[in-house]
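Each chain is listed here by its residues.
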Amino acid sequence: MSCSAAAGAEAAALLFRSPALSTIAGRHRLAVSRWTPRRNLRTGVQPHQRSTPSANHRNRVSIQRDRAAASIDEEQQQKSVDENELLNIQLEDLVGMIQNTQKNILLLNQARLQALGHADKILKEKEALQQKINILEMKLSETGTQSVLSSEAKSDAEGLEFDVVKEENVLLKDDMNFLKAKLIEITETEESLFKLEKERALLDGSLRELECTFISAQSDMLKLGPQQQDAWWEKVENLEDLLDSTANQVEHAALTLDGYRDFHDKVEKLKASLGATNISKFCLYLVDILQQRVKSVEERFQACNHEMHSQIELYEHSIVEFQDTLSKLINESEKKSMEHYAEGMPSEFWSRISLLIDGWSLEKKISINDASMLREMAWKRDNRLREAYLSSRGMEERELIDNFLKMALPGTSSGLHIVHIAAEMAPVAKVGGLADVISGLGKALQKKGHLVEIILPKYDCMQHNQINNLKVLDVVVKSYFEGNMFANKIWTGTVEGLPVYFIEPQHPGKFFWRAQYYGEHDDFKRFSYFSRVALELLYQSGKKVDIIHCHDWQTAFVAPLYWDVYANLGFNSARICFTCHNFEYQGVAPAQDLAYCGLDVDHLDRPDRMRDNSHGRINVVKGAIVYSNIVTTVSPTYAQEVCSEGGRGLQDTLKVHSKKFVGILNGIDTDTWNPSTDRFLKVQYSANDLYGKSANKAALRKQLKLSSTHASRPLVGCITRLVPQKGVHLIRHAIYKTAELGGQFVLLGSSPVQHIQREFEGIVDQFQNNNNVRLLLKYDDALSHMIFAASDMFIVPSMFEPCGLTQMIAMRYGSVPIVRRTGGLNDSVFDFDDETIPMELRNGFTFLKADEQGFDSALERAFNYYHRKPEVWKQLVQKDMKIDFSWDTSASQYEEIYQRAAARARAAA
């Protein structure tokens, strides 16, 4: 406050100094001009009356005065010009001062709240002192009046006594003026105190920042690795700089304290002088008050100063301790780096090394044999590669390659080299459950010690911010398509710790620059092109892959291409695994379209190969079933269903190849879907502490403006695409049935089918004034987490469901599933009232017939347990949350069939 006041005063002084001068000059000119006409008038009245020497003399004097006036005007004009120039300079200074003042004001505003509190208190004390001064002035006035009356009443003999009283009054007035001046000085001192308080607040903020930084550093030290050591030393230096800055602020505060001590000395001298003059006791009382105020200010500042010094000493000690701990950790890290295997390094690090080696191989910077040896070392996580990589800072690439090649030794590994070729991968390119399978299964297999790589199209619309270390290789892979060779850029990066290759075609069709993943008129051409380039990439890299795993019709081309084209070129070490995630989509097209990617139409357009069983065209999924070594789908029950009417025309083909066909239930990513760590939740919780679930329920109600009148009212959730497969008619019925039973319903999802979307938009209008139903016809990832956490029950009334993930996620979050017994739902949810099932497996409510009566029975039973048997319901919720739906079990099953296929391949070789 004092800084801004002083700066404002100085700015005002600069602003008004020159105009004041010019005003004075103007007044002087006006005075001259007014005087001159009067003089001329006076001399001009009598020119013809007489002309005497005296008159001539007056005329000459008048002329001289006029010349003098003109000279003065010129001087004043020159002076005005000089003053204007000075004003311009001063204005420039003023602009600089205003800028500095603005900076000071920004800093002062930070302490404004704290200063206002002290200011109120001091202003009250100031008002009290002012009142006392006013009282004293009134007394003086009364004394003066009495003196006047006394002087009129008394005789001249008493005049001497009156003079004495008058003199005392004068002295009292002088004392009052002195006290007023000191009061103003105290006010200025208080403003300085506010400034000091502000500086102390800023210092406290700096110290708190230092403390938070140190605490964060302590928690992160446990994760310290060799790559982070330089960064941590830099943090230590920053902490030391911050400490130096804090110490400078303390020194500045000490100088301010010295100023207060000088003021204290002045007050002491004032008291002594007042005592010597023998003035009234009231004046001494005021001085005592001033002295107490100064003493209080000094004590407060000394306390603040002492506290700041104590904190600085504490943090100096903490920084020294931090440096010692950091040095110890670095030493321990260096000791551990001598171990042969670096199991502690994250998977993403080794994925980066693997991509680096593959890039060198593709760019012809190392031979295929050397690449195989180095890849083997990275596969085994040989610590020598890590040390060479971490010590490569500042090296040229050729030096790093030479260092790697010096360590290359032949070796063998029990792990498998697995490559997934797919159209999706979470979270970088996600449309449905396929994306979750690629990332979830890949990470689970990687944890089991296998080398897992992913090949994806480089979509223009994918989430680039989810890719680490994305870069383009200095190599162009050419592949065949429509009778020509087309170039392709190869990009590499890591996603979820997995090494990923992204293929960017240089084809005029701009196959993957469409702002969407699927739904283009030429999808058959787009993905047949991608499948051919993916195999060409593996072939040119010279890798000895064990398993090539392709998914759905988009990459089903891989199986016939591998065996009919690339195996004849010597690339035949791998075995093909094909997974169909939904037999509803089979990739049917005219037979001649197979020729786009170089397949022999005449050879494949046969009933026992790729000709569709119903339409007479070619069927890509059928070709993958015929040509793959392993065929899987996403749940055991769905595998049984597609071998009958659920196969959508492929049931006979599946029966022929039943020995290589198996259903494996998908898992979920338990790191992403974890209520105890989920960052999207208002409150995290676990099976042993369900308070957070009710808190999230209350938060969702508030967010969606649902009624909170009855907190125990059950909340039913549904997150789905609104398509016929998902049982749209039962979802619609569930909305009304839930409202009838007194529950609340929340739907999240939209429909690509226009008439279904319009139908549900109409339902939204019906319930727009109902505070127990909310239909959100969109998809929102953050909101989906909240719905899983807040809902008590979760419905999945699908007509068919290959696997289904939402029922598993719901149980993970303590939402009891109500599902139709089909596909993967039948393999993951078991009815709570089915006595034929062991009690420990019962985890939800199911129905078989896809009608309203079956659904009503399951929903009513769930409501009955929720309302009437709350303890049983709580036990059910806790049991569901503890079920292991991770990818570990599924990955073990895939690992087993992979190893059998690889063993047969080695035996055949």
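Where an unreviewed UniProt entry is consulted, the chain appears under the name Starch synthase, chloroplastic/amyloplastic, with the organism given as Miscanthus lutarioriparius. As recorded by UniProt, the Pathway (unreviewed entry) comment attached to the chain reads in full: "Glycan biosynthesis; starch biosynthesis." In the Sequence similarities (unreviewed entry) part of its UniProt record, the chain is described as follows: "Belongs to the glycosyltransferase 1 family. Bacterial/plant glycogen synthase subfamily."

Colleague: What's the story with the overall build of the chain in this structure? I'm lost.
Modeller: Within the chain, the secondary structure is distributed over 26 helices and 17 strands. Burial status across the chain gives 48% buried among its 909 residues. Looking at the chain alone, contacts between residues at least 24 apart form 75% of all its contacts between residues at least 6 apart. A total accessible area of about 45300 Å² is found for the chain, and carbon and sulfur atoms account for 52% of it.

Colleague: Looking at this structure, how should I read the sheet that holds strand 12 (residues 715–719)?
Modeller: The strands making up a sheet associate through hydrogen bonds between their backbones, and the pairing can be parallel or antiparallel. Strand order across the open sheet formed by 6 strands is 14-13-12-15-16-17, with parallel pairing between neighbours. The strands lining the two open edges of the sheet, one partner per strand, are strand 14 (773–776) and strand 17 (845–847). Across this sheet, the average inter-strand angle for adjacent strands is 15 degrees, counted without regard to direction. Note that strand 15 (residues 793–796) and strand 16 (residues 816–820) share 4 bridges and pair parallel. In the sheet register, Phe794 faces strand 16, and the bridge partner there is Pro817. Seen against the sheet, helix 19 (residues 728–740) touches strand 12, strand 13 (744–748), strand 14, strand 15 and strand 17 and runs at an angle of roughly 155 degrees to strand 13. Of the strands in this sheet, strand 15, strand 16 and strand 17 are in contact with helix 25 (residues 870–882), which crosses strand 16 at around 80 degrees.

Colleague: Sorry, what's going on with the environment of His785 here?
Modeller: On the secondary structure map, His785 appears in helix 21 (residues 781–790). Expressed as a C-alpha distance, the spacing of His785 and Asn674, which sit 111 residues apart in the sequence, is 9.6 Å. If sequence neighbours within four positions are ignored, His785 has contacts with Thr672, Trp673, Asp678, Phe680, Leu681 and Tyr813. Only 2.5 Å separates the side chain of His785 from the side chain of Asp678, close enough to count as a polar contact.

Colleague: What is the right way to look at the packing of aromatic side chains in this model?
Modeller: Two aromatic rings are characterised by how far apart their centres lie and by the angle between their planes. Taken as a whole and judged by the stated rule, the model has 28 aromatic pairs. Their ring planes at 90 degrees and their centres at 4.7 Å tell us that Tyr459 and Tyr517 sit as a pair that is edge-to-face. Of this pair, Tyr459 sits in the loop between strand 2 (451–457) and strand 3 (468–481) while Tyr517 is found in the loop between strand 5 (498–505) and helix 12 (523–541), placing the two residues 58 residues apart along the sequence. Each of the two residues, Tyr459 as well as Tyr517, counts as buried. Joined through ring pairs, the aromatic side chains of Tyr459, Phe512, Tyr517, Tyr518, Phe527, Phe530 and Trp553 make up one cluster. Directly above the aromatic system of Tyr596 lies the positively charged group of Lys525, at a separation of 5.1 Å from the ring centroid. The aromatic ring of Phe800 is capped on one face by Arg648, whose charged end is 4.8 Å from the ring centroid.

Colleague: I tried to follow the nonpolar core on my own but got confused; where do I start?
Modeller: A general tendency of soluble globular proteins is for nonpolar side chains to be buried together. Ile421, Met425, Ile455, Ile548, Phe583 and Tyr898 are the most contacted members of the largest nonpolar core, which totals 102 residues. When residues in this core are grouped by element, the largest group, 9 residues, is from helix 12. Those residues within four positions of Ile548 in sequence are excluded, and the remaining contacts are Val419, Ile421, Leu535, Leu538, Val558, Tyr562, Phe571, Ala574, Arg575, Ile576 and Cys577. Formed by 69 residues, the second largest nonpolar core is a distinct cluster that contains Tyr685, Ile731, Leu747 and Leu775.

Colleague: Quick question: what am I supposed to make of the pattern of salt bridges here?
Modeller: Pairs can form between side chains of opposite charge whenever their charged atoms are close. Per the stated rule, a full pass over the model turns up 21 salt bridges. Here Lys430 ties to Asp436 by a salt bridge, and the two come within 2.6 Å at their closest N and O atoms. Judged by relative accessible area, Lys430 falls into the partly exposed class, the value being 38%. A salt bridge links Asp605 to Arg611, with the shortest nitrogen-to-oxygen separation between them at 3.1 Å. Arg611 sits in the partly exposed class, given a relative accessible area of 29%. Connected via shared salt-bridge partners are Asp358, Glu453 and Lys543.

Colleague: Help me understand the pairing of strand 5 in this model?
Modeller: Each regular strand displays side chains that alternate between the two surfaces of the sheet. The element strand 5 is extensively covered by neighbouring structure, given that 8 of its 8 residues are classed as buried. Here strand 5 shows no split at all, with Leu498, Val500, Phe502 and Glu504 on one side and Pro499, Tyr501, Ile503 and Pro505 on the other all buried. Taken together, the 4 bridges between strand 2 and strand 5 define a ladder with parallel strand orientation. By the bridge assignment for strand 5, Ile455 is matched with Tyr501.

Colleague: What is the right way to read unusual backbone geometry from this model?
Modeller: The phi torsion of most residues other than glycine is negative, and most of the peptide bonds are trans. For the peptide bond that leads from Ala426 to Pro427, omega is 0 degrees, which places it in the cis range. Tracing the sequence through the fold places Pro427 in the loop between strand 1 (417–421) and helix 11 (433–447). Of note in this structure, Glu482 is not a glycine but carries a positive phi near 55 degrees. Mapping Glu482 onto the fold places it in the loop between strand 3 and strand 4 (484–495).

Colleague: Please explain the sheet that holds strand 4 as it appears in this structure.
Modeller: Pairing is mixed in the open sheet, where 9 strands are placed in the order 3-4-5-2-1-6-7-10-11. The open sheet is flanked by strand 3 and strand 11 (661–663), the only strands paired with a single partner. Neighbour to neighbour, the strand axes of the sheet diverge by 25 degrees on average, direction disregarded. Alignment of strand 3 against strand 4, held across 9 bridges, turns out to be antiparallel. Across the sheet, Ser479 pairs through a bridge with Phe486, a residue of strand 4. The strands touched by helix 12 within the sheet are strand 1, strand 2, strand 3, strand 4, strand 5 and strand 6 (547–551), with strand 3 carrying the most contacts at an inclination of about 105 degrees.

Calculation rules
Once a new chain begins, its residue numbering starts again from 1 and follows that chain's sequence as written. Reporting of local features is limited, given that this is a predicted model, to residues whose pLDDT is at least 70; pairs of side-chain atoms are given and counted only at 80 or more, and all residues count toward the totals for whole chains, interfaces and linings. Note: side-chain values were computed over all heavy atoms of the structure, leaving out hydrogens and water. UniProt positions are given in the numbering used here, feature names are shortened, and annotations may be inferred rather than shown by experiment. Helix and strand definitions follow DSSP, with helices as H or I runs of at least four residues and strands as E runs of at least two, each counted in order from the N terminus. A 1.4 Å probe rolled over the protein chains alone gives each residue an accessible area, and that area as a share of the maximum for its type sets the label: buried under 20%, exposed over 50%, partly exposed in between. Any two residues whose heavy atoms approach within 4.5 Å at even a single point are treated as in contact. The method behind every accessible area is Shrake-Rupley, applied with a 1.4 Å probe, and residues are considered shielded solely by the protein chains displayed. Any two strands with at least two DSSP bridges between them are considered paired. Axes, fitted as lines to C-alpha atoms, cover a helix only where it is in contact. Angles between the N-to-C directions of the axes lie from 0 to 180 degrees. Here a polar contact is taken to be a pair of N or O atoms separated by no more than 3.5 Å, where protein atoms must pair a possible hydrogen donor with a possible acceptor and residues adjacent in sequence count only if both atoms sit in side chains. Think of it this way: a Phe, Tyr or Trp ring, Trp meaning its six-membered ring, pairs with another when their centres are within 6.5 Å, and the plane angle makes it stacked under 30 degrees, edge-to-face over 60, tilted otherwise. Note on criteria: charge over ring means Lys NZ or Arg CZ within 6 Å of the ring centre, with the direction from the centre no more than 35 degrees off the ring normal. Among buried residues, the Ala, Val, Leu, Ile, Met, Phe, Trp, Tyr and Cys ones that are joined through side-chain atoms within 4.5 Å form a nonpolar core. A side-chain nitrogen of Lys or Arg and a carboxyl oxygen of Asp or Glu constitute a salt bridge if their distance falls within 4 Å.

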